[in-house]
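# Survey of secondary and tertiary structure
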Amino acid sequence: MTNFDKQVVAVLTDILPTYYELFLKPTSKSPCISYQQIQNTETAGGNTIGVSEIRYRIKLWVTDVADGVEYEAEIDDALATLHLHRTGYNELTQNDLICKIYDYSGVAIETYTTERT
């Protein structure tokens, strides 16, 4: 199973403070980003290599609509360096926060640690 969490966090932290979604706290300052891997499915495999579909849900937490516009392009560009591309978008609000929700997908080639039959 390929895990891109470290790479995702590294490129997003260059933009804003980045937190794992399930550990995001009400005291976290905004603007910030939260992330969660929502899919890691092996779609093809051989004896020594496989292919997996990877999906991440990225949430951008801001208090101003203009900030959202500024940061979303940076997030797109950063995740594109990992070959993850935006496949979905939604929004919600919570108190004075605006949450922009993005889904990103990509394909990962995996090298197995043991030969599979």
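These notes cover the structure that comes with them. Along each chain, residue indices are assigned from 1 in the same order as the chain's sequence is written. For this predicted model, a pLDDT threshold of at least 70 governs which residues receive local features, and a threshold of 80 or more governs which side-chain atom pairs are given and counted, while totals over whole chains, interfaces and linings are taken from all residues. For the side-chain quantities, the full set of heavy atoms in the structure was used; hydrogens and water were omitted.

### Some remarks on the state of the cysteines
Condition: In plain terms, two cysteine sulfur atoms within 2.5 Å form what is called a disulfide here.
Scanning the model with the defined rule gives zero disulfides in all. There is no disulfide at cysteine 32, and the cysteine sulfur nearest it, in cysteine 99, is 9.0 Å away.

### Describing the environment of valine 69
Quick reminder of the rule: A run of DSSP states H or I qualifies as a helix once it reaches four residues; a run of E qualifies as a strand once it reaches two. Both are numbered from the N-terminal end.
Note on placement: valine 69 falls in helix H2 (residues 65–80). Between the alpha carbons of valine 69 and lysine 100 there is a distance of 9.8 Å; along the sequence they are 31 residues apart.

### Quick look at helix H1 (residues 5–13)
Stated precisely, the cut-off is as follows: When accessible area is computed with a 1.4 Å probe and restricted to protein chains, residues below 20% of their type maximum are described as buried, those above 50% as exposed, and intermediate ones as partly exposed. Starting at the helix axis, one direction is taken to each C-beta atom, and the arc is that of these directions. Contact criterion: two residues are considered in contact whenever any of their non-hydrogen atoms come within 4.5 Å of each other.
Along H1, the residues that are buried comprise Val8, Val11 and Leu12. Angular distribution of buried residues about the axis of H1 spans 100°; they occupy a single face of the element. Of the surrounding secondary structure, the elements contacted by the buried residues of H1 are strand S1 (18–20), strand S2 (32–45), strand S3 (49–62) and H2.

### Section: the pairing of S3
For the record, the criterion: Following DSSP output, two strands are said to pair if at least two bridges run between them.
When S2 meets S3, the two strands line up antiparallel, connected through twelve bridges. Its bridge partner being in S3, alanine 44 is matched across the sheet by valine 51. Taking the residues between adjacent antiparallel strands as the criterion, S2 and S3 are bridged by three residues.

### So, the sheet that holds strand S5 (residues 97–111)
For clarity, the threshold we go by: Simply put, an axis is a line fit to the C-alpha atoms, just over the touching stretch for a helix, and the angle between two N-to-C directions goes from 0 to 180 degrees.
With mixed pairing, five strands are arranged side by side in an open sheet as S1-S2-S3-S5-S4. Of all the strands in the sheet, just S1 and strand S4 (85–94) have a single pairing partner and so form its edges. Shown here is a sheet whose adjacent strand axes are inclined to one another by a mean of 30°, direction ignored. When S1 meets S2, the two strands line up parallel, connected through three bridges. When the bridges of S2 are listed, tyrosine 19 appears paired with serine 34.

### Some remarks on a nonpolar patch on the surface
The test is simple: Patch membership requires over 30% relative accessible area and the absence of a salt bridge. Like charges are linked within 9 Å, and nonpolar side chains (Val, Leu, Ile, Met, Phe, Trp, Tyr) within 5 Å. Note that accessible areas follow from Shrake-Rupley with a 1.4 Å probe, and for residues the cover is restricted to the protein chains shown. In the sections that follow, a salt bridge refers to a side-chain nitrogen of Lys or Arg positioned within 4 Å of a carboxyl oxygen of Asp or Glu.
Among the surface-exposed residues, Ile49, Val107 and Ile109 lie close enough to one another that they form a single nonpolar patch of about 310 Å² accessible area. Relative to the helices and strands, isoleucine 109 resides in strand S5. Look at isoleucine 109 and you get exposed, because its relative accessible area is 59%.

### As for the nonpolar core
Soluble globular proteins: nonpolar side chains tend toward being buried together. Our working rule: Side-chain atoms within 4.5 Å link the members of a nonpolar core, which is a set of buried Ala, Val, Leu, Ile, Met, Phe, Trp, Tyr and Cys residues.
Formed by 23 residues in total, the largest nonpolar core has its most connected members in Val8, Leu12, Ile58, Ile75 and Leu79. For this core, the secondary-structure elements that each account for two or more residues are H1, S2, S3, H2 and S5. Among the elements that make up this core, the one with the highest residue count is S3 (five residues). Setting aside residues no more than four positions away along its own chain, isoleucine 75 makes contact with Leu12, Ile15, Ile33, Ile58, Leu60 and Tyr104.

### Points about the pattern of salt bridges
The tally for this structure, following the rule as stated, stands at four salt bridges. Of the charged contacts, one joins arginine 86 and aspartate 76 as a salt bridge, the two residues approaching to 2.4 Å between their closest N and O atoms. Of this pair, arginine 86 sits in strand S4 while aspartate 76 sits in helix H2, and the two are ten residues apart along the sequence. A relative accessible area of 45% places arginine 86 in the partly exposed class.

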